[in-house]
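Here is how the chains run, residue by residue.
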Amino acid sequence: MDLLQSTLPYLISGISVGGQYALIAIGYTMVYGILRLINFAHGDVFMVAGLVMVYLSAAMPLYIAIPLMILLTVALGFTIERVAYKPLRNAPRMSVMISAIGVSYLIQNLALYITGGLNKNYPAIPWISDKVTIFGMETTRVTVITPFLTVILVAALVLLINHTKIGMAMRAVSRDFETAQLMGIKINSVISATFIIGTFLAAIGSMLYFTNYPGVVPTSGGMPGLKAFVAAVFGGIGSIPGAVIGAFIIGICESIIKGLDTILVVNGVITEQVGFSTFSDAFTFALLIIVLVFKPTGLFGEKTTDKV
Amino acid sequence: MLKINDLHVSYGGIRALRGVDLEVPDGKIVTLIGANGAGKSTLLRTISGLVKADSGSITYDGVELLGKPINKVLEMGIAQVPEGRRVFADMTVLENLKIGAYLRKDKAEIEKDIQWVYSLFPRLEERHWQLAGTLSGGEQQMLAVGRALMSRPKVLMMDEPSLGLAPLVVQGIFEIIRTINEQGVTVLLIEQNANMALKTADIAYVLETGSITKTGTGAELLADESIKEAYLGKKKK
């Protein structure tokens, strides 16, 4: 009972963090699925969503600021693709990747220029920042909502991909550019739609993520972006369910490692804290290495269809 | 009528087509035979808009196709069955057919055309729920043809439909080509299997290193000595 009682808070926060990673990871995995590109700028777009929210909420009421923030973030994602990736459509994949790294630094440095590198306090969003009590522990409402919201959004996305025309076009383009074109599919529109969906989810994710943190700095996108990327690789890059499951696993493990000291002390396994929490980030990246060595295609890596 | 005039195309620095003239009259089966690398596929890809031409013109019913985006060419009624079938392996047979009708919005008519394709290829109806990647080569070719038909093309261009298929299956494919043609679809057929292609075609062209070297009816070319030697496997005396 003690074990459960002491682990529960970390588990719940881990599920919540996992949901936030999942929303970012989908952007990585969808873009990879279609363009075979690791979009390094994705984490920075996530950071920009946070900054935009900071500035907008200072100037206007939240019910305008939130939709506008999402809109601007989506516009940024769309623009990045058109300006930095589309002209390189027929270039070697390495060129596009270098372009993505360039975009990432450009965004970070612009953010540094605009904010002066200062921590910008994230606005408290009423209702979702409120304290609630669940299973006898106190937490914010956003922690409870995040996993549900994530699951709803992912379900909607999976429906979109499997049962709509644009979803069918996305699947076709991700398999075979040329044949998709011969079907009359405009690949540039499909690719844009992919970026729009990816950045939309990242914008939602940023709102859920930053609410739990004191503020946004230009490098805020780095860590969550990287971890979401690891989640996407862990789940099998290109696979949406894979990215989501990977993100939840990473979020939960990370959170439990952070609380491992406390959990063990409370349960009398060890007598004093030994500092496991330091290793929570290291765990994520150790996992990345292990996955790449032993199962490079991840949990749900691209399936190949065999003849029967 | 699809009309190609003095078409020049370069492909990665190589002049793949050097002044090709070709006509595909409505309602006919026209075949283009030639060896590997003669430029056959390049010609189809240029008509579809996948490859840009250097100069020349491609018109359909008097409308210039060069410079039009791929989806517009398809909208004008010119569909391509790509070389090597290229079905979407992890979509079902039915989804593959539906994606062939991607540009169309007339749902009821699409439903009718699916039934039409099923009537041409009963095998596809039996297997409509199966992933296309699990079909045999011949079935995949049927699917690729069916998928192209779903756009209701006026001209169907096929790039080596017999590639990698057993002789019996090839015969079936050519029968289907005739059936489709009898139902009013003009066919432009590219083949290395010159024997079958010439037997099926109303009009035939021979393409050698980027230029048309011979033209005539299918039967004429079938009887031509030099064609026999080069493409039909008749030994030199």
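Draft legend 1. Seen up close, the overall build of chain A. Scanning chain A for helices and strands turns up eleven helices and four strands. In terms of overall dimensions, chain A has C-alpha extents of about 65 × 55 × 35 Å along its principal axes. Taking all 308 residues of chain A together, 45% fall into the buried category. Here the analysis covers contacts within chain A between residues at least 6 apart in sequence; of these, 75% occur between residues at least 24 apart.

Draft legend 2. Quick look at unusual backbone geometry. Residues and elements named next belong to chain B. A positive phi is found at Arg85, a non-glycine position, where the angle reads about 70°. For Arg85, a count of 26 C-beta atoms within 10 Å translates into the label buried. For Arg152, which is not glycine, the phi torsion reads 50° and is therefore positive. Topologically, Arg152 is positioned in the loop between α6 (137-149) and β7 (155-159).

Draft legend 3. Geometry of the sheet that holds strand β9 (residues 203-208) of chain B. Residue and element names in this part refer to chain B. On the basis of which strands lie adjacent, the open sheet formed by six strands has the order β6-β7-β8-β3-β9-β10 and mixed pairing. Strands at the two margins of the open sheet, each flanked by one partner only, are β6 (78-81) and β10 (211-217). Geometrically, the sheet is characterised by an average inter-axis angle of 20° between neighbouring strands, direction not taken into account. Relative to β6, α6 is tilted by about 165°, and along the sheet it contacts β6 and β7. Running over the sheet, helix α7 (residues 167-182) touches β3 (29-33), β7 and β8 (186-191) and is turned about 155° from β8.

Draft legend 4. Broad picture of the environment of A:Thr194. Residue and element names in this part refer to chain A. Counting through the fold element by element, Thr194 comes out in helix α8 (residues 187-211). Along the sequence, Thr194 and Leu35 sit 159 residues apart, while their C-alpha atoms lie 9.9 Å from each other. The residues contacting Thr194, other than those within four sequence positions of it, are Met30, Val31, Ile34 and Met170.

Draft legend 5. Seen up close, the environment of B:Thr42. All names here are of chain B. For Thr42, the location among the structural elements is in helix α1 (residues 40-48). Residue Thr42 is classed as buried on the basis of its 23 C-beta neighbours within 10 Å. In sequence terms Thr42 and Gly210 are 168 residues apart; their C-alpha atoms lie 9.3 Å from each other. When residues no more than four places from it in sequence are discounted, the contact partners of Thr42 are Val9, Tyr11, Ala16, Leu17 and Val51.

Scoring rules and cut-offs
- As a convention, each chain's residues are numbered from 1 in the sequence order in which they are written.
- The lettering of chains begins at A and the numbering of ligands begins at 1, in the order of writing.
- Given that this is a predicted model, residues contribute local features only at a pLDDT of at least 70 and side-chain atom pairs are listed and counted only at 80 or more, while totals for whole chains, interfaces and linings are drawn from all residues.
- Put simply, DSSP H or I for four residues or longer makes a helix, DSSP E for two residues or longer makes a strand, and each gets a number counted from the N terminus.
- The burial criterion counts other C-beta atoms lying within 10 Å of a residue's C-beta, which is placed from the backbone; the residue is buried at 20 or more, exposed at 12 or fewer, and partly exposed between these limits.
- A pair of residues counts as a contact when their C-beta atoms, built from backbone coordinates, are within 7 Å of each other.
- Here, a strand pair is defined by DSSP locating no fewer than two bridges between the strands.
- Under this scheme, a helix contributes an axis fitted over its contacting stretch, all axes are lines through C-alpha atoms, and angles between N-to-C directions fall in the 0 to 180 degree range.

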